[in-house]
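# Chain and residue survey
For reference, the chains in residue letters:
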Amino acid sequence: MKTWLQALPKVELHLHIEGSLEPELMFALAERNNIALPYASVEDVQAAYDFSDLQSFLDLYYLGMRVLRTERDFYDLAMAYLERAHGEGVVHVELSFDPQAHLSRGVELAVPFEGLRLAMREAERRWGMTTALIMSFLRDRDAEEAMAVLEKAAPYYEVIDAVGLDSAEMGNPPAKFAEVFERAKALGIPRVAHAGEEGPAAYISEALDVLDICRVDHGVACLEDAMLVERLRKSQVPLTVCPLSNVRLKVVETLRDHPLPTMLAHGVKITLNSDDPAYFGGGVLDNFVACAEAFDWDRDTFRQLAGNAIEVAFMPESRRQALLKQLAAC
Ligand code: ADE
Ligand code: ZN
């Protein structure tokens, strides 16, 4: 199964590029930029990645990304990830990034944009891999700051495929960002948001109603609300589920306890993604393989999941058709 899953044309829709920072590169960039890390070794870092919930992860995620200071750092980060993804049979990656987490450290908006874009172009040139860029807002900071970032990003509107919403979910409901997302909509920028990861099903409904999102990141809490499940089934709004992330952040106890099979049985449009691969035990292929082992899914199920991601990705129609053809031959 693993060999077959490797060859399947996989599309990654939910990936925080800062969450792809492997400990080895963290140390290399810390040295290059003369930044002190609270870790003595790679093993020390790995030992620290024992999370009790989303916040305990976010604390280390923001700590780790302090080593990212220059365009070259962001280029190296993204290139390393895209190369690994290419090796796993990933053919299209949507990179999300958190500009506020960099601006607050004095790293200007142009730095991540330019560095990431250079790597995205390089991946297309080297491997024919396509990519998209999602600029995410931090929901645990105020909406005025998010609005200011959106305005500041004006020179990059053409290269932003969507805006997103992430960070600590509980107590930061989608409606807090109603105006920011309204402005993005007026600018013609598609919208996605994390909802129902740690937060309740009501946050998923609110994100759909108030933020007018085209995809839900995570959304695993949807089963709490039968009417919401029916809405998701009818509308086929996709959910970018991240199984290994949910295990590592204790959203579920083990992968076997994950609601994925029930969500699929209800006809919800599911995709499989890695979220923060350096922190959660692997990339897209690892997530596919783990699901194969936990749920004993057959090839048709994986064809459906891979096909769902191709169908809803931010990519040109010609590319979508080519990938669907490639998938049909698997
Ligand atoms: N930022 C990076 N990873 C995240 C996650 N899993 N949930 C919310 N915000 C995040
Ligand atoms: Zn995420």
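Before reading on, note that the structure itself is shown above.
Below, the structure is looked at part by part. Note that the coordinates shown come from a computational prediction; the quantities given were computed from them, not determined experimentally. (Residues numbered from 1 in each chain as written. Chains lettered and ligands numbered in written order. Predicted model: local features only at pLDDT ≥ 70, side-chain atom pairs only at ≥ 80, totals over all residues. Heavy atoms only, no water.)

The next subject is the site of ligand 1. Near ligand 1, the surroundings consist of His16, Leu54, Phe57, Leu58, Tyr61, Asp166, Ser167, His194, Glu197, His218, Asp275 and Asp276. In the environment of ligand 1, a nitrogen atom lies 2.7 Å from a nitrogen or oxygen atom belonging to the side chain of Asp276. Across the complex, the protein chains shield 100% of the 260 Å² of accessible surface that ligand 1 would expose by itself. Cavity membership is defined here by more than half of the atoms lying within 2 Å of grid points; on that basis ligand 1 lies in the largest cavity. Its residues placed into classes, the shell around ligand 1 shows four nonpolar, four polar and four charged. (Near = heavy atom within 4 Å. Polar contact = N/O pair within 3.5 Å; in protein donor to acceptor, adjacent residues only side chain to side chain. Areas by Shrake-Rupley, 256 points an atom, 1.4 Å probe, with all protein chains shown as cover. 1 Å grid on protein atoms, 1.4 Å probe; cavity = no way out; pocket = protein on both sides within 12 Å on 5 of 7 lines; lining within 4 Å. Sits in = over half its atoms within 2 Å of the grid points. Nonpolar A, V, L, I, M, F, W, Y, C, P; charged D, E, K, R; others polar.)

So, on to the nonpolar core. In terms of nonpolar packing, the biggest core is built from 118 residues, with Met135, Phe137 and Phe302 touching the most fellow members. Sequence-distant contacts of Phe137, that is, excluding residues within four places in its chain, are made with Gln100, Ala146, Val149, Leu150, Val163, Gly164, Leu165, Asp166, Val180 and Phe181. In this structure, Ala132, Ala162, Val192 and Phe314 belong to the second largest nonpolar core, which totals five residues. (Core = buried A, V, L, I, M, F, W, Y, C linked by side-chain atoms within 4.5 Å. Buried < 20%, exposed > 50% of the residue type's maximum accessible area, 1.4 Å probe, protein only. Contact = heavy atoms within 4.5 Å.)

Bringing the packing of helix α8 (residues 143–152) against helix α9 (residues 178–186) into the picture now. For the pair α8 and α9, interaxial distance at closest approach is 8 Å and the crossing angle is 20 degrees. Regarding the angle of α8 to α9, the classification is roughly parallel. Judged by the sense of rotation from one axis to the other, the crossing of α8 with α9 is right-handed. Taken together, the residues of α9 that come into contact with α8 (itself represented by Ala143, Ala146, Met147, Leu150 and Glu151) are Glu179, Val180, Arg183 and Ala184. Residue classes in the contact of α8 with α9 are distributed as six nonpolar, no polar and three charged. (Axes fitted to C-alpha atoms, helices over the stretch in contact; angles between N-to-C directions. Helix = DSSP H or I, 4+ residues; strand = E, 2+ residues; numbered from the N terminus. Parallel < 35°, antiparallel > 145°, perpendicular 65-115°, else oblique. Left-handed = near helix turned anticlockwise from the far one by under 90°.)

Our next topic: the coordination of the zinc ion (ligand 2). The protein atoms that coordinate the zinc ion (ligand 2) are His14 (NE2), His16 (NE2), His194 (NE2) and Asp275 (OD), at distances spanning 2.0 to 2.2 Å. For the zinc ion (ligand 2), the four donor atoms are set out with angles of 81 to 170 degrees between them, so the coordination reads as irregular. (Donors = N, O, S within 2.8 Å, 3.2 Å for Na, K, Ca; no water. Tetrahedral: all angles 85-135°; square planar, octahedral: opposite > 155°, others 65-115°.)

Before going further, it helps to examine the packing of aromatic side chains. As enumerated under the stated definition, the model contains 15 aromatic pairs in all. On the numbers, 5.2 Å between centres and 75 degrees between planes, the contact of Phe57 with Tyr279 is edge-to-face. One end of the pair, Phe57, is in helix α4 (residues 54–64); the other, Tyr279, is in helix α14 (residues 277–280), with 222 residues separating them in the sequence. By relative accessible area, which is 1% here, Tyr279 ends up buried. Between Phe97 and Phe113, the ring centres sit 5.1 Å apart and the planes meet at 80 degrees, which makes this aromatic pair edge-to-face. Residue Phe97 is located in strand β2 (residues 90–97), and its partner Phe113 is located in helix α7 (residues 110–127); the two are separated by 16 residues in the primary sequence. Side by side, Phe97 and Phe113 carry an identical accessibility label, which is buried. (Phe/Tyr/Trp six-rings, centres within 6.5 Å; stacked < 30°, edge-to-face > 60°.)

Strand order in the open sheet formed by four strands is β5-β6-β7-β8, with parallel pairing between adjacent strands. Taken across any chain shown, the strands that pair with only one partner, and hence form the sheet edges, are β5 (192–195) and β8 (270–272). Sheet twist, expressed as the average angle between the axes of neighbouring strands with direction ignored, equals 30 degrees. Bridge count between strand β7 (residues 239–241) and β8: three bridges; the pairing is parallel. Bridged to Leu239 within β8 is Ile270. (Pairing = 2+ DSSP bridges.)

What follows deals with the pattern of salt bridges. By the definition in use, this model includes 16 salt bridges. Between Glu145 and Arg141 there is a salt bridge whose closest N-O contact spans 2.6 Å. For Asp212, the salt bridge identified is with Lys185, shortest N-O distance 2.6 Å. Remark: Lys185 occurs in helix α9 and Asp212 occurs in the loop between α10 (201–210) and β6 (215–218); sequence separation between them is 27 residues. Asp212 sits in the partly exposed class, given a relative accessible area of 32%. Lys185 gets classed as partly exposed once you look at its relative accessible area, which sits at 45%. By sharing partners, the salt bridges in this structure join Arg32, Asp73 and Asp76 into a single network. (Salt bridge = Lys/Arg side-chain N within 4 Å of Asp/Glu carboxyl O.)

Everything listed is a geometric property; what it means functionally is a separate question.
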